[in-house]
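# Secondary and tertiary structure notes
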Amino acid sequence: MSQTFGTRLAQAMAHHGPLCLGIDPHRHLLHDWGLNDTPAGLSTFSKTVVEAAAETTGVAALKPQVALYERFGSAGFAVLEETLQLAHQADILTIADAKRGDIGSTMQGYAQAWLADGSSLVADAVTLSPYLGYESLRPAIDLALAHQRGVFILALTSNPEGASVQHLGAENDSVAKRVVEAAARDNRGDETLGSVGLVVGATVPAQAAALGIDLAGANAPILAPGYGSQGAEAKSIRDGFGEAWPNVLVNSSRGILQHGPNLGDLKLAIGDARKDLIVK
Ligand SMILES: O=c1ccn([C@@H]2O[C@H](COP(=O)(O)O)[C@@H](O)[C@H]2O)c(=O)[nH]1
């Protein structure tokens with residue numbers, strides 16, 4: 001890969017729009033699709049989602065939810081490896097939603113798993129949790145940047161419980177603000193979109209403004225889950241992110257996946273979400 005993750009993501013978003021399709025093989029979705037809640041069911045489900053994304057314009061990135069593969073142990077990880085490879089072959093960017101975070105010395109292991117060339121689990125980017133300290137993530141950030149890959153660091157998550165940690169701090173100096181400022185430092189100097197991304201829930205962009213956080217100034221791709229099933233609507237997402245909106249990659253998982261298993265219906269749902277997000 002000759003271009004940075006941020007550049008590749010910006011190009012994908014320019015072509016496809018701001019939608020990230022989450023691959024979340026929940027037990028209830030497998031059941032609704034007429035599949036067994038087994039690694040074989042997981043594999044059919046994941047292949048269908050990648051196929052739908054590959055056959056339509058509208059998916060800038062795919063985000064497999066690692067937890068929902070991990071529940072099957074090594075057999076689930078094998079399906080995840082296969083899914084990531086299929087997405088790479090279809091030339092679709094992947095974000096492994098693993099939310100990893102550890103002390104620096106062991107963080108290296110997670111970095112190798114998700115971001116090193118040759119790893120069977122390698123993705124274009126991985127989600128990271130900074131609650132052991134932003135700098136504890138340095139091995140993953142450095143490896144991602146060295147290999148033209150990216151990271152998305154949790155700043156303001158979409159769930160209501162996140163505020164109890166992320167909003168803490170003195171006025172105008174919250175935990176979330178420190179995370180965003182640290183990512184901004186890592187993206188400084190990038191001529192296009194940076195590769196150190198942030199996770200800010202589509203349900204909570206107004207909180208960023210209330211906490212005095214300059215999301216646009218971070219030059220970070222912003223992964224925004226919460227559209228659809230968690231209740232965030234397109235207009236409120238666009239308005240809420242304001243100047244940062246061009247950098248926002250909006251995730252929808254269940255909201256689109258509930259339209260399966262028919263490939264045509266999934267593609268229509270992707271097209272509808274894309275239009276909803278980009279039409280003002
Ligand atoms: O703050 C966050 C961070 C990650 N997620 C993940 O995104 C998807 C959302 O799925 P929906 O079905 O569209 O609600 C899921 O994998 C979450 O773990 C998030 O929701 N919020």
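Just so you know, these numbers come straight off a predicted model, no measurement behind them.

## As for the overall build of the chain
- Along its length, the chain carries 13 helices and 10 strands.
- For 280 residues, the compact-globule estimate of 2.2 N^0.38 gives 19 Å, and the C-alpha radius of gyration of the chain, at 18 Å, lies within 12% of that figure.
- Taken across its 280 residues, the chain has 51% of its residues classed as buried.
- Expressed as a percentage of contacts within the chain between residues at least 6 apart in sequence, the contacts between residues at least 24 apart total 77%.

## Remarks on the UniProt feature "active site" (unreviewed entry) in the chain
- Taking the numbering used here, the UniProt-annotated feature "active site" (unreviewed entry) corresponds to K99.
- In this structure, K99 sits in strand β3 (residues 93–100).
- If we ignore the near neighbours within four places in the chain, the residues touching K99 are T127, L128, S129 and L154.

## Structural notes on the sheet that holds strand β2 (residues 61–64)
- Reading around the barrel, the eight strands line up as β1-β2-β3-β4-β5-β8-β9-β10 and close back on themselves, with parallel pairing between neighbours. Taken over all neighbouring pairs, the strand axes of this sheet differ in orientation by 30 degrees on average, direction set aside.
- Here five bridges tie strand β5 (residues 150–156) to strand β8 (residues 196–200), and the two strands are oriented parallel to one another. Note that in β8 the partner of F152 across the bridge is G197.
- Against the sheet, helix α9 (residues 175–187) engages β5 and β8, with an angle of about 155 degrees to β5.

## What to know about α9
- Across its 13 residues, α9 extends 19 Å between first and last C-alpha, which sits within 8% of the 18 Å expected from 1.5 Å per residue.
- Taken residue by residue, α9 has A176, K177, V179, V180, A182, A183, D186 and N187 as its buried positions.
- Buried residues in α9 make contact with α7 (138–146), β5, α8 (163–166), β7 (173–174) and β8.
- Just past α9, the residue G189 takes up positive phi, approximately 95 degrees.

## A look at the nonpolar core
- I153 and L198 are the most contacted members of the largest nonpolar core, which totals 90 residues.
- In this structure, L198 is in contact with F152, I153, A155, V180, A183, A218, A220 and I222, ignoring residues within four places of it in sequence.

## Looking at the pairing of β8
- Summarising burial for β8: five of the five residues are buried, a large majority.
- Side chains of β8 alternate between two faces, with V196, L198 and V200 and G197 and V199 buried alike.
- Taken together, the two bridges between β8 and strand β9 (residues 222–225) define a ladder with parallel strand orientation. Within β9, the residue paired with L198 across the bridge is I222.
- Between the parallel pair β8 and β9, the chain is carried across by helix α10 (residues 205–210), and the sense of this crossover is right-handed.

## Overview of the environment of G118
- Counting through the fold element by element, G118 comes out in the loop between α6 (104–115) and β4 (125–128).
- The exposure class of G118 is exposed, given the 6 C-beta atoms found within 10 Å.
- Residues G118 and K63, spaced 55 residues apart in sequence, show a C-alpha to C-alpha distance of 20 Å.

## With respect to the packing of helix α3 (residues 39–54) against helix α13 (residues 263–278)
- Close contact between α3 and α13 brings their axes to 9 Å; oriented N to C, the two are set at 55 degrees. By the angle between their directions, the pair α3 and α13 is classed as oblique. Seen from above, α3 lies across α13 with right-handed handedness. Within the contact between the two elements, α3 uses T48, E51 and A52 and α13 uses L263, L266, K267 and I270.
- Here the residues of the contact of α3 with α13 sort into four nonpolar, one polar and two charged.

## Things to note about the packing of α6 against α7
- For the pair α6 and α7, the least separation of the axes is 7 Å and the interaxial angle reads 35 degrees. The two elements α6 and α7 cross, and the hand of that crossing is right-handed. In this structure, α6 contributes G104, M107, Q108, Y110, A111 and L115 to the contact, and α7 contributes R138, P139, A140, L143 and A144.
- The residue makeup of the contact of α6 with α7, split by class, is eight nonpolar, two polar and one charged.

Rules of the game
- Residues numbered from 1 in each chain as written.
- Predicted model: local features only at pLDDT ≥ 70, side-chain atom pairs only at ≥ 80, totals over all residues.
- Helix = DSSP H or I, 4+ residues; strand = E, 2+ residues; numbered from the N terminus.
- Rg over C-alpha atoms; globule rule 2.2 N^0.38 Å.
- Buried ≥ 20, exposed ≤ 12 C-beta atoms within 10 Å, placed from the backbone.
- Contact = placed C-beta atoms within 7 Å.
- UniProt positions renumbered as here; feature names shortened; annotations may be inferred.
- Pairing = 2+ DSSP bridges.
- Axes fitted to C-alpha atoms, helices over the stretch in contact; angles between N-to-C directions.
- Expected span 1.5 Å × (residues − 1).
- Core = buried A, V, L, I, M, F, W, Y, C linked by C-beta atoms within 7 Å.
- Right-handed = clockwise from strand over helix to strand, strands pointing away.
- Parallel < 35°, antiparallel > 145°, perpendicular 65-115°, else oblique.
- Left-handed = near helix turned anticlockwise from the far one by under 90°.
- Nonpolar A, V, L, I, M, F, W, Y, C, P; charged D, E, K, R; others polar.

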